Amino acid sequence: MGSAGDYTAAYARSVHDPVAFWGEAAQLVDWVEPPTTVVDDSNPPFYRWFSDGRLNTCFNAVDRHVEAGHGDRTALIYDSAVAEGSRSLTYRELRDEVALFAGVLASLGVSAGDRVIIYMPMVPEALIAMLATARLGAVHSVVFGGFAPNELAIRIDDATPTVVVSASCGIEGARVIEYKPMLDKALELAEHKPTATVILQRPQVHADMGFIDHDWVESMSAATPHDCVAVAATDPLYILYTSGTTGKPKGIVRDNGGHAVALTWSMPNIYGVNAGEVFWAASDVGWVVGHSYIVYAPLLAGATTVLYEGKPVGTPDAGAFWRVVAEHKVNALFTAPTAFRAIKKEDPNAELLAGHDISSLRTLFLAGERLDPETYHWASQHLNIPIVDNWWQTETGWPIAASPRGFDELPIKPGSPSLAMPGYIVDVLDETGQLLDASVDGNIAIKLPLPPGTLPTLWNDDQRYIDSYLSVFPGYYATGDGGNVDADGYIYVMGRTDDVINVAGHRLSTGSMEAVVATHPAVAECAVIGVLDALKGQVPRAFVVLKSGVEIDPSVLQAEVVAAIRDQIGPVAALKSVVVVPALPKTRSGKILRRTMRGIADGRPEAPPSTIDDISVLDRIRPLLEQSGE
Ligand code: COA
Ligand code: AMP
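Asks: Explanation requested: the overall build of the chain in the structure shown.
Replies: For the chain, the count of helices and strands is 18 helices and 31 strands. For the chain, whose C-alpha radius of gyration is 24 Å, the value lies close to the compact-globule estimate of 25 Å for 630 residues. Dimensions of the chain along its principal axes, counting C-alpha atoms only, are 70 × 60 × 55 Å. When each of the 630 residues of the chain is scored for burial, the buried share is 60%. For the chain, the accessible surface area stands at approximately 23200 Å², while carbon and sulfur atoms represent 51% of it. Looking at charge distribution, the chain has the averaged site of its 47 positive side-chain charges lying 3 Å from that of its 76 negative ones.

This is how it looks when you write it as structure tokens:
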């Protein structure tokens, strides 16, 4: 692949002349009405990209490749390690299925602007449902299958969907997880009532169908294909809920125009992948990495995307990834560091690589959590290809920092996701908003306006968007991440500065876990913190103070709290340990010192703040914290 030249020059142009840079990138997309405005900055702090343009994202991801004569090219390879084998769809087949499912949704009353919730396992129909929603100019909201009915209900009430699309089951290793009873429970809990559901019956489980439920196959056979509906570039394409510091998830809004432009640009320029090549993001469509790099970006670029249902280990073994790469001649693989830590744990010398020809693989991209240098070196040594750490968030939708593969090769520094991507001006600030010197840790913030493709606001909540991200450091978007930038501009992201944790690349709120733990009748107060874990990066631990006079067997308490978390949030929360402590350390104003507790548990104690109420509390619980670390 040719190089787009010197990255530093491209970056400089993106920040000094964003109108020229993104105006040019906009030409990568097919518009129904091309935009004449690149960025509308008339209503700060809200910025809208390509505000007078009109387009359809599904047309750009699917139809235009067929119209350009590439209908026979493979769009999607579905490979399941746990279900009934593989299948692939050409761009023409994908267009036909998506158009038909758009017809199904339209017949159930979905039209432009309406919401559709998708609660599905990793099957092609999940992707078809997303694209079909986009085809109608409607707004999808995909909910990760590892969330419990209560979390699904919260999202149903916030997004108020017309239709919910789901399946009879997901498959987790050797276990079949029934989805339909969870959906039924969520619909019972939710105040908002969708008019219909569409259920994909999988061979493993037959779901009982009720009055509002429609069978996927039957609906498809009765449907007529629906064409693409043009929408404003600023209209929402999807809402993706992500964890914030409180129990209520944030509905991240993605627009159509900026998203299509940024993601189309990112494919050759950041990921070094072009039309006809094979890209595999081993994530889940329920997370942002899945939205952007399983579904939209590879298809917008006319590449082949691999949809893999299974885990990196255990299905059948830690060689699963190598088999998929070899069998489908994958050119670039994207996953979370935790997947590689899992493989390394099972197969430390990468012996399972032998017997798989993975010579097609040019690059490994890792994101979703901090890439620890040990995992970086292990992957680098055994794969012998560039390992590219990239840093981003559900909010941004595409990398804030990476080592862009479409340009002249740049040195990689282990531990750093490299340089800021176009349009992102990344600064490190102290608590008062003052710029810090190179290599000094502080709060990582990005200057406004953020580039195209990033969140324009939160769903139905402009004020929360301002309060959560924009009011902390005026003129900046606060990332919630801490770290530093070195003298060469390399960014080091060390971890969250808030109560969000990252468990196996899954973003979770300790605040929402605390809300559940606090409902246990024996618990007076509690703190949930993320402690270091060799496999998952971080895992949550609950520290609880019992109500006075209450006696309970600690193992019973733990079992009950763990069950409550699974029931209310879902298995993905992965809370396994509950520790009873005599008291929780607090500041004089009553704020629990979670950060200090985390530091002790992780073996890097810091001096307690001078505002601490009672230093002896910290000393009393120190051994319990130390034991709760790795
Ligand atoms: N539907 C239902 N349950 C799900 C689920 C889904 N889609 N996804 C996860 N779960 C369940 C798991 O079965 C597990 O349940 P258990 O406690 O009963 O065993 C629980 O949620 C925790 O899942 P997870 O954190 O994924 O742990 P794991 O032990 O099953 O697997 C890894 C660990 C590291 C192998 C796995 O997390 C992984 O491959 N992660 C890397 C890739 C990735 O998904 N990244 C996301 C962002 S890029
Ligand atoms: P999510 O919104 O689920 O993608 O999670 C975003 C968070 O994951 C970020 O705010 C970071 O804390 C963390 N993260 C993602 N990628 C990286 C990375 N490459 N290095 C360090 N942290 C990362």
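Moving on from the coordinates now.
Asks: Help me understand the site of ligand 1 in this model?
Replies: Near ligand 1, the surroundings consist of 23 residues, among which Glu-172, Arg-175, Lys-311, Pro-312 and Arg-566 are the closest. The side chain of Tyr-179 places a nitrogen or oxygen atom 3.3 Å from a nitrogen atom of ligand 1. One of the backbone N or O atoms of Val-572 is found 3.5 Å from an oxygen atom in ligand 1. Considering ligand 1 on its own, with 950 Å² of exposed area, one finds that the protein chains cover 84% of that surface. A class-by-class count of the residues in the shell around ligand 1 yields 10 nonpolar, seven polar and six charged. Here the shell around ligand 1 gathers at least three residues from each of two domains, domain 1 (4-310 + 390-470) and domain 2 (504-628).

Asks: Would you take a moment to explain the packing of aromatic side chains for this structure?
Replies: Aromatic rings in a pair are described by how distant their centres are and how their planes are angled relative to each other. For the structure shown, the criterion picks out 33 aromatic pairs. Taken together, a centroid distance of 5.8 Å and an interplanar angle of 40° make the contact between Phe-46 and Tyr-465 tilted. You can see Phe-46 sitting in strand 2 (residues 46-49) and its partner Tyr-465 sitting in helix 14 (residues 462-470), a full 419 residues away along the chain. Ring-pair connections join several aromatic residues into one group, and the members of that group are Tyr-7, Tyr-11, Phe-21, Trp-22, Trp-31, Trp-49, Phe-50, Trp-265, Trp-398, Phe-407 and Tyr-424. Over the ring of Phe-147 we find Arg-155, and its NZ or CZ is 4.6 Å from the ring centre.

Asks: What am I meant to see in the pattern of salt bridges here?
Replies: Any two side chains of opposite charge can pair, given that their charged atoms come close. Using the criterion set out here, one finds 28 salt bridges in the structure. Residue Arg-135 is joined to Asp-227 by a salt bridge in which the shortest nitrogen-to-oxygen separation is 4.0 Å. With Arg-135 in helix 5 (residues 124-135) and Asp-227 in the loop between helix 8 (216-222) and strand 13 (231-232), the pair connects residues that are 92 residues apart, well separated along the chain. Each of Asp-63, Arg-135 and Asp-227 takes part in salt bridges that share partners, so that together they form one network.

What counts and how
Residues numbered from 1 in each chain as written. Chains lettered and ligands numbered in written order. Predicted model: local features only at pLDDT ≥ 70, side-chain atom pairs only at ≥ 80, totals over all residues. Heavy atoms only, no water. Helix = DSSP H or I, 4+ residues; strand = E, 2+ residues; numbered from the N terminus. Rg over C-alpha atoms; globule rule 2.2 N^0.38 Å. Buried < 20%, exposed > 50% of the residue type's maximum accessible area, 1.4 Å probe, protein only. Areas by Shrake-Rupley, 256 points an atom, 1.4 Å probe, with all protein chains shown as cover. Lys, Arg positive; Asp, Glu negative; His and termini not counted. Charge placed at Lys NZ, Arg CZ, Asp CG, Glu CD. Near = heavy atom within 4 Å. Polar contact = N/O pair within 3.5 Å; in protein donor to acceptor, adjacent residues only side chain to side chain. Nonpolar A, V, L, I, M, F, W, Y, C, P; charged D, E, K, R; others polar. Domains from an automatic or database assignment. Phe/Tyr/Trp six-rings, centres within 6.5 Å; stacked < 30°, edge-to-face > 60°. Lys NZ or Arg CZ within 6 Å of the ring centre and 35° of its normal. Salt bridge = Lys/Arg side-chain N within 4 Å of Asp/Glu carboxyl O.

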